[in-house]
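What the coordinates show
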Amino acid sequence: MPTLVLKLTPLQNPERYSLLARALTDLTVQLLGKRRDVTAVVIDDLPAARWHIGGAPAEQPTALLEISITQGTNTQDEKAAFIQAAFAELQRQLAGDGTLATASYVVVRELPGADWGYGGHTQQARQQARVVTADVSLQPG
């Protein structure tokens, strides 16, 4: 938690994937306050012939980044800052001196805590466990 899925074209070299994953993880930690140790980045590259914009094959570098976070854990301003910074990073790494296709997207998906988790536990269960632990620690000993 969170998970980032990046789809891109054209194909990149393996070193680029590591740089992208590191940069996107850093932005997730810095701008959304997420934990680095449970941030997962999956990168899918597609041949340009399989990516279409306006019904025609993509002619420019193109990206779709989707990040899933727990609903209500970030403000609108934090999400907007992430979208802007992530797009700029994708532009820098994938387009170099050029530009990404206009139809390149960064999407923030907010999921209810009961609908997802990691390590076999939902985010909601983790939150409830934190509340119980806090309540117990506040009781006189």
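Residues numbered from 1 in each chain as written. Predicted model: local features only at pLDDT ≥ 70, side-chain atom pairs only at ≥ 80, totals over all residues. Heavy atoms only, no water.

1. Thoughts on the pairing of strand 6 (residues 105-111)
Defined as follows: Two strands are counted as paired when DSSP detects at least two bridges linking them. Helix and strand assignments follow DSSP, with helices taken as H or I runs no shorter than four residues and strands as E runs no shorter than two, numbered in order from the N terminus. By the criterion used throughout, a crossover qualifies as right-handed when its path from the first strand across the helix to the second strand runs clockwise, the strands pointing away from the viewer.
As paired strands, strand 5 (residues 62-70) and strand 6 are joined by 7 bridges and run parallel to one another. Residue pairing across strands places I69 opposite E110, the latter belonging to strand 6. Where the polypeptide runs from strand 5 across helix 2 (residues 76-95) and back to strand 6, its parallel neighbour, the crossover connection is right-handed.

2. Thoughts on helix 1 (residues 14-32)
Test applied: One less than the number of residues in a helix, times 1.5 Å, gives the span that helix is expected to have. Each residue gets one of three labels from its accessible area relative to the maximum for its type: buried under 20%, exposed over 50%, partly exposed in between, using a 1.4 Å probe on protein chains only. Here, residues are in contact when the closest pair of their heavy atoms is within 4.5 Å. Whenever two N or O atoms come within 3.5 Å, that pair is a polar contact, provided that in protein one can donate a hydrogen and the other can accept it, and provided that, for residues adjacent in sequence, both atoms are side-chain atoms.
The end-to-end C-alpha distance of helix 1, which contains 19 residues, comes to 27 Å, matching closely the 27 Å that a straight helix rising 1.5 Å per residue would cover. Among all positions of helix 1, only Y17, L20, A23, L24, T25, L27, T28 and L32 are buried. Structurally, helix 1 contributes buried residues whose contacts are with strand 1 (3-9), strand 2 (40-45), strand 5 and helix 2. Two or three places before E15, at the start of helix 1, stands the capping residue N13, its side-chain oxygen 3.1 Å from that residue's backbone nitrogen. Within two residues after helix 1, G33 carries a phi angle of roughly 70°, on the positive side.

3. Describing the nonpolar core
How we decide: Only buried residues count toward a nonpolar core, which is a set of Ala, Val, Leu, Ile, Met, Phe, Trp, Tyr and Cys residues joined through side-chain atoms within 4.5 Å.
Counting 18 residues, the largest nonpolar core has L6, L65, F82, A86, L90 and L94 as its most contacted members. Taken together, the elements giving at least two residues each to this core come down to strand 1, helix 1, strand 5 and helix 2. Top element by residues in this core is helix 2. It accounts for 5 residues. Not counting chain neighbours up to four residues away, the residues in contact with F82 comprise L4, L27, T28, L31, L32, L65, I67, V106 and V108.

4. Re the packing of aromatic side chains
The description of an aromatic ring pair rests on the distance of the ring centres and on the angle between the ring planes. Using the following cut-off: Pairing of aromatic rings covers Phe, Tyr and the six-membered ring of Trp, with a centre-to-centre limit of 6.5 Å; geometry is then stacked below 30 degrees between planes, edge-to-face above 60, and tilted otherwise. Over a ring means this: the NZ of a Lys or the CZ of an Arg is within 6 Å of the ring centre and within 35 degrees of the ring normal.
Applying the stated rule across the entire model yields 0 aromatic pairs. Above the ring of Y118, the side-chain terminus of R126 is found at 3.6 Å from the ring centroid.

5. With respect to the pairing of strand 5
Most of strand 5 sits inside the fold, with 8 of its 9 residues counted as buried. Pairing of strand 1 with strand 5, which is carried by 7 bridges, proceeds in the antiparallel orientation. Residue pairing for strand 5: L8 is matched across the bridge by A63.

6. Things to note about the pattern of salt bridges
Close approach of charged atoms allows side chains of opposite charge to pair. The condition that has to hold: Basic side-chain nitrogens of Lys or Arg form a salt bridge, by our definition, when they fall within 4 Å of a carboxyl oxygen of Asp or Glu.
Enumeration over the complete set of coordinates arrives at 5 salt bridges. Here R35 makes a salt bridge to D37, at a shortest N to O gap of 2.7 Å. What makes D37 exposed here is its relative accessible area of 58%. Residues R92 and E89 are paired through a salt bridge, measuring 2.6 Å at the closest nitrogen-oxygen approach. Residue R92 and its partner E89 are located together in helix 2, separated by 3 residues, close to a single helical turn. Judged by its relative accessible area of 15%, E89 is buried.

7. Here's the deal with unusual backbone geometry
Of all residues except glycine, most have a negative phi; of all peptide bonds, most are trans. Of the consecutive residues T9 and P10, the connecting peptide bond is found in the cis state with omega at 5°. Within the secondary structure, P10 is located in the loop between strand 1 and helix 1.

8. A look at helix 2
Taking 1.5 Å per residue as the helical rise, helix 2 with its 20 residues ought to reach 28 Å, and the 28 Å between its terminal C-alpha atoms agrees with that figure. Residues of helix 2 that are buried include every one of K79, F82, A86, E89, L90, Q91, Q93, L94 and A95, and no others. Where the residues of helix 2 are buried, they touch strand 1, helix 1, strand 5 and strand 6. G96 lies just past helix 2 and shows a positive phi near 60°.

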